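Overview (structure and organization)
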Amino acid sequence: MNVDLRSDTVTQPTPEMRAAMAAAPVGDDVYGEDPSIIELEQRVAALLGHEAGLFVPSGSMGNQLGLRLLVAPGQELVCDSLAHIARAELGAAAVLSGITFRTYAAVRGIVDVDAIAGMITPNAGPYLVSSAAIEVENTHNFGGGTVQPAERVAAVQALARETGLGLHLDGARLWNAHVATGTPLDELAGGFDTVSVCLSKGLGAPVGSVLVSSAARIAEARVWRKRLGGGMRQAGILAAGGLYAIEHHLARLADDHTRARRLAEALGADPATVDTNIVVLQVPDAAAVAKGAAGAGVLVSALGPTFLRFVTHLDIDDDALDRAIAVLGPLVTTR
């Protein structure tokens, strides 16, 4: 069996999770009648300190709905140049909502309030594109699983309040930030207008994310979810996987973080730069390393000519990590 470090989205549901899903009470969610989905939405909203939640099929849909609520067609969103919404959601904000982006370079994906303050143009009238919202990603995927420093986030939130801009948090891996820092989830999600969190990454559920916000915004998002083809029927089977994951797989994320630091050290990266479960590495030829590793049964992501990413997760135990290190070590040092 391959050791798959491409992403934490590749996990298999555990037998216990499958049993919980099979036993889930269900109803028609478009009619608002699925009890498992209602429970999940309420549970996540309460954990994150927001009024209401909306279960959606994917993190991308959660993000796109959150942005749609804050940015009108023809307005712009400000985020860093490596943000998932800018790099990995296939231009959805522009295609579906007419949103343009203004981006800045961010070291390890860490938000830079000075850069943001220097480029925003709120209420620009008929002359420039008006900035409408700022996006923060926590943890930051392509930055290497970076946890956003609390003081940086607070500064961005203060800027948004001063300038009347909305705030969206891409919290796909906010659970990892919570476990890594011990900061309560409602503190990490507080101060944002919309927040999307994934259930199908480190938590190990097979499908789904939850968008949280005010009750009024979530009511609007529910309409847009249906409009975009995301209206689901007896999807409580999927929601039950998320409920099980929150209950049983949250604390164990610390194991993934420990293994990621061990992997980083073995491959010559600085483990101090590994905040959570993602390791990024610069090599002369990323594709060659990925191809060589795959030939030996270890799968990794080459996300640029010299950029490799490795992600630890529920299905990577110590034996699998040892095997990966044995394969990757020579490839990384000889390329």
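Residues numbered from 1 in each chain as written. Predicted model: local features only at pLDDT ≥ 70, side-chain atom pairs only at ≥ 80, totals over all residues. Heavy atoms only, no water.

1. A word on the side chain of D29
Among the secondary structure elements, D29 is positioned in the loop between α1 (15-22) and α2 (35-48). Filtering out sequence-adjacent residues up to four positions away, D29 remains in contact with D34, I37, R222, R225, M232 and R233. (Helix = DSSP H or I, 4+ residues; strand = E, 2+ residues; numbered from the N terminus. Contact = heavy atoms within 4.5 Å.)

2. Quick look at unusual backbone geometry
The peptide bond linking N138 to T139 adopts the cis configuration, its omega dihedral lying at 0 degrees. Along the chain, T139 turns up in the loop between β5 (131-137) and α7 (150-163). In this structure, R108 takes a positive phi of about 55 degrees despite not being glycine. Residue position: R108 is located in the loop between β4 (100-104) and α6 (113-117). Since its relative accessible area comes to 29%, R108 is described here as partly exposed. The phi dihedral of N123 is positive, around 50 degrees, even though this residue is not glycine. (Buried < 20%, exposed > 50% of the residue type's maximum accessible area, 1.4 Å probe, protein only.)

3. With respect to helix α3 (residues 59-70)
Counted at 1.5 Å a residue, the expected span for α3 with its 12 residues is 16 Å, and the 17 Å between its end C-alpha atoms agrees. For α3, a buried count of 10 out of 12 residues is recorded, marking the element as mostly surrounded by other parts of the structure. By the burial criterion, the buried members of α3 are G59, M61, G62, N63, Q64, L65, G66, L67, L69 and L70. (Expected span 1.5 Å × (residues − 1).)

4. Points about the sheet that holds strand β6 (residues 166-171)
Spatially, seven strands are ordered β2-β8-β7-β6-β5-β3-β4 in an open sheet, and the strand pairing comes out mixed. Only two strands of the sheet have a single neighbouring strand rather than two, namely β2 (52-56) and β4. When the angles between neighbouring strand axes are averaged without regard to direction, this sheet yields 20 degrees. For β2 and strand β8 (residues 209-213), the ladder comprises five bridges, and the chain directions are antiparallel. Residue pairing across strands places G53 opposite V212, the latter belonging to β8. Seen against the sheet, α2 touches β2, β7 (194-198) and β8 and runs at an angle of roughly 125 degrees to β2. (Pairing = 2+ DSSP bridges. Axes fitted to C-alpha atoms, helices over the stretch in contact; angles between N-to-C directions.)

5. Let's talk about the pattern of salt bridges
Enumeration according to the criterion identifies 13 salt bridges in this entry. Across the salt bridge formed by E76 and R102, the nearest N and O atoms sit 3.5 Å from each other. Taken together, the residues span a long stretch of sequence, with E76 in strand β3 (residues 76-80) and R102 in strand β4 at a distance of 26 residues. Of the residues examined, R102 reaches a relative accessible area of 30% and is grouped as partly exposed. Between R262 and D318 there is a salt bridge, with its nearest N and O atoms 3.7 Å apart. Residue R262 is found in helix α12 (residues 253-266), and its partner D318 is found in helix α14 (residues 318-334); the two are separated by 56 residues along the sequence. Each of the salt bridges in this network shares a partner with another, and the network as a whole consists of R259, R262, D318 and D322. (Salt bridge = Lys/Arg side-chain N within 4 Å of Asp/Glu carboxyl O.)

6. Section: the environment of L185
Within the fold, L185 resides in helix α9 (residues 185-189). On a C-alpha basis, the gap between L185 and A46 in space is 9.5 Å, while along the polypeptide they are 139 residues apart. Not counting chain neighbours up to four residues away, the residues in contact with L185 comprise L47, L48, L174, W175 and H178.

7. Here's the deal with the packing of α2 against helix α11 (residues 236-248)
Helix-helix packing is described using two parameters, namely the angle between the two axes and the distance between the axes. For the pair α2 and α11, interaxial distance at closest approach is 8 Å and the crossing angle is 35 degrees. Judged by the twist between their axes, the crossing of α2 over α11 is left-handed. Here S36, I37, E39, L40, R43, V44 and L47 of α2 come into contact with α11, specifically with G236, A239, G242, L243, I246 and E247. Classifying every residue of the contact of α2 with α11 by side-chain character gives seven nonpolar, three polar and three charged. (Left-handed = near helix turned anticlockwise from the far one by under 90°. Nonpolar A, V, L, I, M, F, W, Y, C, P; charged D, E, K, R; others polar.)

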